[in-house]
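A look at the structure
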Amino acid sequence: MALPTANTPLYNHTLPDIEDWLHRQGCEQNTDVPHCWHVQRPLWEADVILDIDALVVRYVNAGADGKDVQRIFKYSLSRQDLEEAIFAGP
C-alpha cells in the first residue's frame, strides 16, 4: 500500500495508512485495544495511542526519575515531522 507523501498531514491519511505507517516503524498493535501500539528500540520503548484529535506517545521509564514521559502530537503535523519527533526517542 502506498502512503501519501511524507509532508502530508496525518489527518489526510486513512486509518489503514496510519496503521501501515506504524507497522513500518516497528510498532506492534495491541490486539485487545486496537488504538494502542507499542514500539521497542534498543534505548527506549513507548506506547503510541491513536486518540481522537492527537497521537499520544508515552515513553516508558524515560524521565530522570524513572517515570514515563508523555508527549502529544496533533494530527495536523506531517507524517515526516511526526516520524522525526516520535521515533527519535524521548
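Bear in mind that the values here come from a model prediction, so they are computed numbers and not experimental data. The numbers attached to residues start from 1 for each chain and follow its sequence in the written order. Predicted model: local features are reported for residues with pLDDT of at least 70 only, side-chain atom pairs are reported and counted for 80 or more only, and whole-chain, interface and lining totals are derived from all residues. Side-chain metrics rest on all non-hydrogen atoms present in the structure, leaving aside hydrogens and water.

Notes on the sheet that holds strand 2 (residues 36-40)
- One open sheet holds the five strands; their spatial order is 1-2-3-4-5, and the pairing between them is antiparallel. Two strands in the sheet have a free side with no partner beyond their single neighbour: strand 1 (28-29) and strand 5 (69-74).
- Here strand 1 runs beside strand 2; their pairing, made up of two bridges, is antiparallel. Bridging across to strand 2, Gln 29 finds its partner in Trp 37.
- The contact criterion used throughout is that any non-hydrogen atoms of two residues lie within 4.5 Å. The axes used here are C-alpha line fits, helices contributing only the stretch in contact, and every angle between their N-to-C directions lies in the interval 0 to 180 degrees. Numbering of helices and strands starts at the N terminus; helices are DSSP runs of H or I of at least 4 residues and strands are runs of E of at least 2. Across the sheet, helix 1 (residues 15-24) is in contact with strand 1, strand 2, strand 3 (45-50) and strand 4 (54-59); its angle to strand 3 comes to roughly 175°.
- Packing of helix 2 (residues 79-86) onto the sheet brings it into contact with strand 4 and strand 5, and relative to strand 4 it is tilted by some 15°. The rule for pairing is simple: two strands pair if DSSP sees at least two bridges between them.

Observations regarding helix 2
- Every buried residue of helix 2 is listed here: Arg 79, Leu 82 and Ile 86. Burial along helix 2 is one-sided: seen end-on, the buried residues are contained in an arc of 60°.
- Against the buried residues of helix 2 lie helix 1, strand 4 and strand 5. Type-normalised accessible area, obtained with a 1.4 Å probe on protein chains alone, sets the label of each residue: buried when under 20%, exposed when over 50%, and partly exposed for intermediate values. An arc is given here, and it is the one of the directions from the helix axis to the C-beta atoms.

A few points about the side chain of Gln 25
- Relative to the helices and strands, Gln 25 is located in the loop between helix 1 and strand 1.
- In this view, Gln 25 contacts Val 39, Arg 41, Glu 83 and Phe 87; residues no more than four positions away in its chain are not counted.

Side note on the pattern of salt bridges
- Any carboxyl oxygen of Asp or Glu that lies within 4 Å of a side-chain nitrogen of Lys or Arg is treated as forming a salt bridge with it. In total, this model carries four salt bridges according to the counting rule given.
- Of the charged contacts in the structure, one is a salt bridge between Asp 20 and Arg 24, with a shortest N-O distance of 3.0 Å. A residue pair is termed a helical-turn pair when its members lie 3 or 4 positions apart in one helix, as Asp 20 and Arg 24 do in helix 1 at four residues.
- Residue Glu 83 is joined to Arg 79 by a salt bridge in which the shortest nitrogen-to-oxygen separation is 4.0 Å. Within this pair, Glu 83 and its partner Arg 79 are both found in helix 2, separated by four residues, close to a single helical turn.

Examining the nonpolar core
- Working definition of a nonpolar core: buried Ala, Val, Leu, Ile, Met, Phe, Trp, Tyr and Cys residues. They are joined through side-chain atoms within 4.5 Å. Formed by 20 residues in total, the largest nonpolar core has its most connected members in Trp 21, Leu 22, Leu 55, Ile 86 and Phe 87.
- In this view, Leu 22 contacts Cys 27, Trp 37, Val 48, Leu 50 and Phe 87; residues no more than four positions away in its chain are not counted.

Focus: the environment of Arg 79
- Exposure remark for Arg 79: the relative accessible area of 9% places this residue in the buried category.
- Note: C-alpha distance between Arg 79 and Asp 65 (14 residues apart in sequence) is 31 Å.
- Polar contacts here mean pairs of N or O atoms no more than 3.5 Å apart (in protein, one a potential hydrogen donor and the other a potential acceptor; neighbouring residues in sequence count only if both atoms are side-chain atoms). At 3.5 Å, the side chain of Arg 79 forms a polar contact with the backbone oxygen of Thr 5.

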